[in-house]
Amino acid sequence: CDNLEVVSIPSSVRHIESKTVGSIAFADCNAIDSIYWNAHNCHNVPFTYTDNANVRVVVFGDSITRIPNNFCKDFDNLTTVVLPPALESIGSYAFSGCKELSSSLVLDSVITIADNAFHSCDSLRVVEFGKNLKTIGQSAFYSTALRSAIFHEGLDSIKRSAFALCDNLEVVSIPSSVRHIES
C-alpha cells in the first residue's frame, strides 16, 4: 500500500481483523495523508503511529459518539481533526503525542475526556468545552499550548494533572458544579 493516501472506513464496518498478534490493518502504509472514520461500531484501532506518521487529517463521521483509546496516538504530523457533533467520549491516549495538532476543537456534546487524551499535543491552543462535559481525565491536556479553559455548570470532576505543564494557560473558569479536583 505504498501509494495509499486516503483511507475511508464506512459505517458498515464493525471490526477490522488482525490475522496475527501485533499485526495492524494499515501497517506499512506510510503514504496515508487522510483518514475518514465513519465506523461507529468498530472500536479496535487499525492504525499505528510507526506506520502512519504522515497522517495530517482525521475526519470523524457524524454518527461517531466515541473515539477509541489510542486512535491517533503519536501521529507526529497530524494537524487537523474534525470532530462529529454527536461525540460523547474521547478515549485514553486518543490524540496523545500529536505534537502538530493545531486545529481548534469544539467539544459541544462530549461528556468524558479520558486520561491522557491530548497529552503532549504541543500545538493545541484552542478547545471549546461544551455544556455536557462531566469528567476530565488524568493528564488529559498535560503539556499542551492551551490559552484558556472555560467550563460550564455540570462539570463534576477534574483529575490529577489534567492541565499540568500548560505554560500558556492564562484563564481558567471552574464552575460551582465541580465537586472533585484531584491533586
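Below: a short report on this structure.

With that out of the way, let us pick up the overall build of the chain. Looking only at helices and strands, one finds zero helices and 14 strands in the chain. Of the regular secondary structure in the chain, the N- to C-terminal order runs β-β-β-β-β-β-β-β-β-β-β-β-β-β. Taken over C-alpha atoms, the radius of gyration comes to 16 Å for the chain, in line with the 16 Å a tight globule of 183 residues would show. Along the three orthogonal principal directions, the C-alpha set of the chain runs to about 50 × 30 × 25 Å. Within the chain, counting contacts between residues at least 6 apart in sequence, those at least 24 apart form 30% of the total. Of the side chains in the chain, 13 bear a positive and 20 a negative charge, and the two mean positions are spaced by 6 Å.

Across the sheet, four strands lie side by side as β1-β2-β3-β5; this open sheet has parallel pairing. Since the sheet does not close on itself, it has two edges, and those belong to β1 (6-9) and β5 (80-82), each with one partner. Put simply, the sheet's adjacent strands are angled 5° from each other on average, direction ignored. In terms of strand pairing, strand β3 (residues 57-60) meets β5 through three bridges, oriented parallel. Counted as the bridge partner of V58 is V81 from β5.

Bringing the pairing of β3 into the picture now. Across four bridges, the pairing between strand β2 (residues 34-37) and β3 is parallel. By the bridge assignment, S34 is partnered in β3 with V57.

Ordered in space as β4-β6-β8-β10-β12-β14, the six strands form an open sheet in which the pairing is parallel. Among the strands making up the open sheet, the edge pair consists of β4 (66-67) and β14 (180-181). When strand β10 (residues 135-136) meets strand β12 (residues 157-158), the two strands line up parallel, connected through two bridges. The residue bridging T135 from the neighbouring strand is S157, located in β12.

How each quantity is defined
One numbering rule holds for all chains: residues counted from 1, following each sequence as written. Under the rules for a predicted model, residues below a pLDDT of 70 receive no local features and side-chain atom pairs below 80 are neither given nor counted, while totals for whole chains, interfaces and linings still include all residues. Side-chain numbers come from the whole structure's heavy atoms, not from hydrogens or water. Only runs of H or I of at least four residues qualify as helices and only runs of E of at least two qualify as strands under DSSP, and these elements are numbered from the N terminus. Here the globule rule reads 2.2 Å times residues to the power 0.38, and the radius of gyration is calculated from C-alpha atoms. Any two residues whose heavy atoms approach within 4.5 Å at even a single point are treated as in contact. His residues and chain termini do not enter the charge count, which takes Lys and Arg as positive and Asp and Glu as negative. Charge coordinates come from a single atom per side chain, which is NZ of Lys, CZ of Arg, CG of Asp or CD of Glu. Two strands pair if DSSP finds at least two bridges between them. Lines fitted to the C-alpha atoms define the axes, with helices restricted to the stretch that makes contact. Angles between their N-to-C directions range from 0 to 180 degrees.

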